[in-house]
Amino acid sequence: MKYLATIILFLSLSGCGDHEPPQRQSEPDIDSLALTVTDTIGVLLGDSLREFGSLADVEFDHFGNILVLDAMKGRITVFGPSLEFAGFIGRHGSGPGEYQYPNSFGQTADGRILVSDFSGSSLTILDQDHNFIDRLDGFPLVPPMYPVAGPDGSYYAGNMSMDMSIEGGMPTGNSFIGLYSGGTEPDYVPVSFPLMINIGDDGSVNVNNVDVVWDSDSRGNLFWAVSDDSSYAFHGMTSDGEEFLSFEKEWERVSKTDEELEEERYTEGLSRTNEGESTVNRGEIADVYPYHNAIAGLYMDDEDRIWIELGYTLVPSFDVFSTSGVLLSHVTIPSLEGVKQLRYCFKGGMLAFDYGPPDYPKIYLLSSGQD
């Protein structure tokens, strides 16, 4: 799954909370499944190959390796199918195959790897064997973010456009998911929302946009949802923009408890430098948003099922749908109860990773017990 909201670094996703979900209609034929954590990758100290600075993205490649994009260290760490260390891809820097602060990556249908470097304003292309092919620069604002496979070697990715030349008023712009086939401009924009842009008296620019999550299936169709507190809805469309799925159900806002609001008011995290020094960072948020998002994430798996991550449960939970919008099952991960700021991968295997841990970054290998 990819995240349009994280194009703008001022924003973050809401955490999960200890709430009963809104009442479901009777679903006697829907299976319930619990995933278990079978192993983890990541340590605080002791093994430098498993000490991560910041987990930006984690995926399986076409050979079953686990690719771990570390934004802070500016590289991809490769672990083999048996979780053995298999090498690094790239390093911190500004040259070909180097990254300043990569924040996302994805793969095309033919196995090429696309690494988006926000700070370097570039997109690096690697072949399926992890060898450097090319680096694209010259994007209008930022490089395409969080790419997922489209048809015929193309890819969908998040980006934004902005017009700062308006006289006597605020600039305008859009955040969007574009379909790219190799250039710096999208061939087509299937999903777009207006940006909310304000310029302060000191000249600072504050940009907010709609939170959108998305992924693609094996045929290159795009699935996306707006992540907010007011609606439970998701969509599917072909690469030429034909919408074939629009699912929405009745929804009532889920409030955060007083305990959750107080907990989210204070943030604490551990950061480490490449030299091994560690720092505990603490901060306070003045206004914590009082509601949970209905949908926290959207993911596709190898069987082209849609995993809708629920944004209001203490135990990580999913509604799993077919691409025609039929609810197939409810899935939970009981052993990760209370773990916040998790993202997932369900293609090539199943894993979760924490992108904002309170202690140190970890990857969780998942199993249904039916593998």
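Please refer to the structure higher up on the page.
Being a predicted model, the structure only gives us computed values, none of them experimental.

Quick word on the overall build of the protein chain
- In terms of regular secondary structure, the protein chain is built from 1 helix and 34 strands.
- In the protein chain, which comprises 371 residues, the share counted as buried stands at 51%.
- For the protein chain, the proportion of contacts with a sequence separation of at least 24, taken over those separated by at least 6, is 49%.
- About 16700 Å² of surface is accessible on the protein chain, with carbon and sulfur atoms providing 47% of the total.

Considering the sheet that holds strand S15 (residues 155-163)
- Read from one edge to the other, the open sheet built from 4 strands follows the order S14-S15-S16-S17, with strand pairing classed as antiparallel. In this open sheet, the two strands that pair with only one neighbour each are strand S14 (145-149) and strand S17 (188-194). Neighbour to neighbour, the strand axes of the sheet diverge by 30° on average, direction disregarded.
- Sheet topology note: the S15/strand S16 (residues 172-180) ladder contains 9 bridges and is antiparallel. By the bridge assignment, Asn159 is partnered in S16 with Phe176.

A short note on the sheet that holds strand S33 (residues 351-354)
- Read across the sheet, 4 strands follow the order S3-S34-S33-S32 without closing on themselves; strand pairing throughout is antiparallel. Unpaired on one side and paired on the other, strand S3 (36-41) and strand S32 (342-345) mark the two borders of the sheet. Averaged over neighbouring strand pairs, the angle between their axes works out to 25° when direction is ignored.
- Across 3 bridges, the pairing between S33 and strand S34 (residues 363-367) is antiparallel. Bridging across to S34, Phe353 finds its partner in Ile363.

Re the layout of surface pockets
- Here the second largest pocket is characterised by a volume of approximately 630 Å³.
- Lining the second largest pocket are 38 residues, and of these Glu59, His62, Gln107, Ala149 and Lys347 sit closest to its centre.
- For the lining of the second largest pocket, the elements supplying multiple residues, two or more each, are strand S1 (2-3), strand S4 (55-60), strand S10 (102-107), S14, strand S20 (212-216), strand S28 (295-300) and S32.
- Counting residues per element, the lining of the second largest pocket draws most heavily on S4, which supplies 5 residues.
- Taken together, the residues of the lining of the second largest pocket break down into 17 nonpolar, 9 polar and 12 charged.

A few points about the pairing of S10
- A large share of S10 lies buried, amounting to 6 of its 6 residues.
- Pairing of S10 with strand S11 (residues 113-117) involves 5 bridges; the strand directions are antiparallel. If you follow Gly106 over to S11, its bridge partner there is Leu114.

A look at the packing of aromatic side chains
- Evaluation of the coordinates by the stated rule reveals 19 aromatic pairs.
- A ring pair is formed by Tyr232 and Phe247, whose centres lie 6.3 Å apart and whose planes are at 65°; its orientation type is edge-to-face. With Tyr232 in strand S22 (residues 232-237) and Phe247 in strand S23 (residues 243-249), this pair connects stretches of sequence that are 15 residues apart.
- In textbook terms, an aromatic cluster arises when at least three aromatic residues are bridged by ring pairs, as seen for Tyr232, Phe234, Phe247, Trp251, Tyr312 and Phe321.

Topic: the side chain of Asn293
- Relative to the assigned elements, Asn293 resides in the loop between strand S27 (291-292) and S28.
- Classification of Asn293 by relative accessible area gives buried; the value is 10%.
- A distance of 3.2 Å separates the side chain of Asn293 from the side chain of Ser227, its partner in a polar contact.
- A polar contact is formed between the side chain of Asn293 and the backbone nitrogen of Asp229, at a distance of 3.4 Å.

Quick notes on the environment of Thr257
- Examined against the element boundaries, Thr257 turns out to sit in the loop between strand S24 (254-255) and helix H1 (258-265).
- Distance from Thr257 to Pro290, taken between C-alpha atoms, is 8.2 Å for residues 33 residues apart in sequence.

Here we look at the pattern of salt bridges
- Across all of its chains, the model carries 13 salt bridges by this definition.
- Here Arg219 makes a salt bridge to Asp217, at a shortest N to O gap of 3.4 Å.
- Taking relative accessible area as the criterion, Arg219 reaches 51% and is therefore assigned exposed.
- The class for Asp217 is buried, based on a relative accessible area of 5%.

Some thoughts on the environment of Gly64
- Within the secondary structure, Gly64 is located in the loop between S4 and strand S5 (66-70).
- Among the residues examined, Gly64 registers a relative accessible area of 26% and is labelled partly exposed.
- C-alpha of Gly64 to C-alpha of Pro81: the two residues are 17 residues apart in sequence and 5.5 Å apart in space.

Observations regarding unusual backbone geometry
- With a phi close to 80°, His130 is a non-glycine residue in the positive phi region.
- Note that His130 resides in the loop between strand S12 (122-126) and strand S13 (132-136).
- With a relative accessible area of 18%, His130 lands in the buried category.
- Of note, the phi angle at Tyr146 is positive, near 50°, even though the residue is not glycine.
- Relative to the helices and strands, Tyr146 resides in strand S14.

Calculation rules
- Residues numbered from 1 in each chain as written.
- Predicted model: local features only at pLDDT ≥ 70, side-chain atom pairs only at ≥ 80, totals over all residues.
- Heavy atoms only, no water.
- Helix = DSSP H or I, 4+ residues; strand = E, 2+ residues; numbered from the N terminus.
- Buried < 20%, exposed > 50% of the residue type's maximum accessible area, 1.4 Å probe, protein only.
- Contact = heavy atoms within 4.5 Å.
- Areas by Shrake-Rupley, 256 points an atom, 1.4 Å probe, with all protein chains shown as cover.
- Pairing = 2+ DSSP bridges.
- Axes fitted to C-alpha atoms, helices over the stretch in contact; angles between N-to-C directions.
- 1 Å grid on protein atoms, 1.4 Å probe; cavity = no way out; pocket = protein on both sides within 12 Å on 5 of 7 lines; lining within 4 Å.
- Points joined across faces, edges and corners; volume = space filled by probe spheres on them.
- Nonpolar A, V, L, I, M, F, W, Y, C, P; charged D, E, K, R; others polar.
- Phe/Tyr/Trp six-rings, centres within 6.5 Å; stacked < 30°, edge-to-face > 60°.
- Polar contact = N/O pair within 3.5 Å; in protein donor to acceptor, adjacent residues only side chain to side chain.
- Salt bridge = Lys/Arg side-chain N within 4 Å of Asp/Glu carboxyl O.

Remember, this is a structural readout, not a statement about activity or role.
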